[in-house]
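Examining the three-dimensional arrangement
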Amino acid sequence: NQGTNVVRWEFKHPTPFIRTREFLWQEGHTAHASKKEATDMVHTILEYYAKAYEEMYALPVVRGIKSREETFAGADFSGTVELFVPSNGRGIQGATSHFLGQNFSKMFDIWYENESKGKDYAYQTSWGYSTRSIGAMVMIHGDDKGLVLPPKIAPLHAVIIPIYKKDNQDKVLEYSSNLFKTLKAAGLKVKLDD
């Protein structure tokens, strides 16, 4: 598992965060003794990605398998988490997880010693997730009036700004302080701007 930056040169039409020449991504690879273990890993990883989008970014996802034409080159199949953009009805690929079978292990001689002391080629997976997640979050939760960040990502949930006159200053400041304590105790990220 690694996090790194990627630069793509074959590129013509950038869309900030969604498709750019350079981006950051998290990428992982595993090797397994059985086809079932590797296939299960592909689906497990997709579920991790789906939960991150749903629970952290508050984004709607569709889990699925890519068509043969869209499958990662060299993979037997590619799973995907597609994000739905309600404003335009389009989808954005959020993350992928590929079952590579033994294609790459045979090509690059990646094997393990089995229980019979024989040589077996590993079943491999590959999966990734990128800064496209930020772009999707902005597209889905933002509009011409601004961006509303999902609660788990938002640095603040509420800002309390006491507004008072001289004759009620103490009362308003006390109320604001109590409100701040109540919201903080409820687990909200809150700021009292007094």
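Below you will find a few notes about this structure.

1. Describing a nonpolar patch on the surface
The grouping of Phe17, Ile134, Val138 and Leu147 at the surface amounts to a nonpolar patch, some 310 Å² of accessible area in total. Classification of phenylalanine 17 as partly exposed rests on a relative accessible area of 45%.

2. Let's talk about the pattern of salt bridges
Tallying each qualifying case throughout the model produces 8 salt bridges. Between lysine 36 and aspartate 40 there is a salt bridge; the shortest N-O distance is 2.7 Å. Placement of the pair is lysine 36 and aspartate 40 together in helix α1 (residues 35-56), with a separation of 4 residues, close to one helical turn. Accessibility expressed as a relative area gives 36% for aspartate 40, which makes it partly exposed. The salt bridge involving arginine 63 is made with glutamate 47; its shortest N-O contact spans 2.8 Å. Of this pair, arginine 63 sits in strand β3 (residues 61-65) while glutamate 47 sits in helix α1, and the two are 16 residues apart along the sequence.

3. Side note on the packing of aromatic side chains
In this structure the tally under the stated criterion is 7 aromatic pairs. Summarising the aromatic geometry, the rings of tyrosine 49 and tyrosine 129 are spaced 5.3 Å apart at their centres and angled 0 degrees between planes, so their arrangement reads as stacked. You can see tyrosine 49 sitting in helix α1 and its partner tyrosine 129 sitting in strand β8 (residues 123-130), a full 80 residues away along the chain. Assigned by exposure class, tyrosine 49 and tyrosine 129 land together as buried.

4. Section: unusual backbone geometry
The phi torsion at aspartate 109 lies on the positive side, around 55 degrees, for a residue other than glycine. Relative to the elements of secondary structure, aspartate 109 occurs in the loop between α2 (103-107) and β6 (111-113). Taking the relative accessible area as the measure of exposure, aspartate 109 reaches 41% and is therefore partly exposed. The phi angle at lysine 117 is positive, at roughly 70 degrees, despite the residue not being glycine. Within the secondary structure, lysine 117 sits in the loop between β6 and β7 (119-121).

5. With respect to the pairing of strand β2 (residues 22-32)
Note that strand β1 (residues 2-7) and β2 share 6 bridges and pair antiparallel. Counted as the bridge partner of valine 7 is glutamate 22 from β2. Pairing analysis gives 8 bridges linking β2 to β8, with the strands arranged antiparallel. By the bridge assignment, histidine 29 is partnered in β8 with serine 126.

6. Overview of the sheet that holds strand β4 (residues 77-85)
Taken in spatial order, the 6 strands make up an open sheet running β1-β2-β8-β5-β4-β3, and their pairing is antiparallel. Strands with a single pairing partner mark the edges of an open sheet, and in this sheet they are β1 and β3. Within this sheet the neighbouring strands show an average axis-to-axis angle of 25 degrees, counted without direction. With 9 bridges joining them, β4 and strand β5 (residues 90-101) adopt antiparallel strand pairing. Pairing of glycine 79 across the sheet is with serine 97, part of β5.

7. Here's the deal with the side chain of serine 133
With respect to the helices, strands and loops of the structure, serine 133 is situated in helix α3 (residues 132-141). Serine 133 has contacts with Tyr53, Tyr57 and Leu59, leaving out every residue within four places of it along the chain.

Thresholds applied
- Residues numbered from 1 in each chain as written.
- Predicted model: local features only at pLDDT ≥ 70, side-chain atom pairs only at ≥ 80, totals over all residues.
- Heavy atoms only, no water.
- Patch = residues over 30% accessible without salt bridge, like charges linked within 9 Å, V, L, I, M, F, W, Y side chains within 5 Å.
- Areas by Shrake-Rupley, 256 points an atom, 1.4 Å probe, with all protein chains shown as cover.
- Salt bridge = Lys/Arg side-chain N within 4 Å of Asp/Glu carboxyl O.
- Buried < 20%, exposed > 50% of the residue type's maximum accessible area, 1.4 Å probe, protein only.
- Helix = DSSP H or I, 4+ residues; strand = E, 2+ residues; numbered from the N terminus.
- Phe/Tyr/Trp six-rings, centres within 6.5 Å; stacked < 30°, edge-to-face > 60°.
- Pairing = 2+ DSSP bridges.
- Axes fitted to C-alpha atoms, helices over the stretch in contact; angles between N-to-C directions.
- Contact = heavy atoms within 4.5 Å.

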